[in-house]
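Residues per chain are reported as follows:
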Amino acid sequence: MKTIILVSLFFLQFQTSDLVGKWSFSKFEPSKNLDNESKAIASNAFSKFSFEFRNDATYDMNKSRKKESGTWKTEAGFIVTTNSDGFTDKIKFIQKHKDTLRLEIEAGDFIVFNRAQ
């Protein structure tokens, strides 16, 4: 039992530290059969999104014309952010490769981010 807990804690810590860095929007993957115009509108809405997760558990995020800062952590498959106003948001963390992060924003709708250089 201790081994399972330690492996789980190591995996969680690995995920957390591996998320550290700057990320920028790559593409929008909708679950619905959206027409090209609707896909373009949604992609454009997310196109200005970028964020940076730091080792000290703080983050900065740019959402279109709005900037946000606060703290972050991982929790059971989610990235949990709490901004400087105290608002908490939970984002489902689906897939992480070395330079690609896939987040589920609604059931079956994903935003893909690439590590910024």
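Residues numbered from 1 in each chain as written. Predicted model: local features only at pLDDT ≥ 70, side-chain atom pairs only at ≥ 80, totals over all residues. Heavy atoms only, no water.

Draft legend 1. Looking closely at the overall build of the chain. Check the secondary structure of the chain and you find 2 helices and 8 strands. Counting helices and strands in the order they occur from the N terminus, the chain gives α-β-α-β-β-β-β-β-β-β. In the chain, which comprises 117 residues, the share counted as buried stands at 27%. The long-range fraction of contacts in the chain, counting pairs at least 24 apart against all pairs at least 6 apart in sequence, stands at 42%. Put simply, the chain shows about 7800 Å² of open surface, and 55% of that area lies on carbon and sulfur atoms. (Helix = DSSP H or I, 4+ residues; strand = E, 2+ residues; numbered from the N terminus. Buried < 20%, exposed > 50% of the residue type's maximum accessible area, 1.4 Å probe, protein only. Contact = heavy atoms within 4.5 Å. Areas by Shrake-Rupley, 256 points an atom, 1.4 Å probe, with all protein chains shown as cover.)

Draft legend 2. Spotlight on the pattern of salt bridges. With the rule as written, the count across this model stands at 9 salt bridges. Taking the shortest distance from any N to any O, the salt bridge between Lys-73 and Glu-75 comes out at 3.5 Å. Classification of Glu-75 as partly exposed rests on a relative accessible area of 32%. In this structure, a network of salt bridges that share partners links the residues Lys-27, Glu-29 and Arg-102. (Salt bridge = Lys/Arg side-chain N within 4 Å of Asp/Glu carboxyl O.)

Draft legend 3. Region of the structure containing the pairing of strand 6 (residues 88-97). Alignment of strand 5 (residues 78-83) against strand 6, held across 5 bridges, turns out to be antiparallel. Bridge pairing links Val-80 to Lys-90 in strand 6. As paired strands, strand 6 and strand 7 (residues 100-106) are joined by 5 bridges and run antiparallel to one another. In the sheet register, Lys-96 faces strand 7, and the bridge partner there is Leu-101. Taking the residues between adjacent antiparallel strands as the criterion, strand 6 and strand 7 are bridged by 2 residues. (Pairing = 2+ DSSP bridges.)

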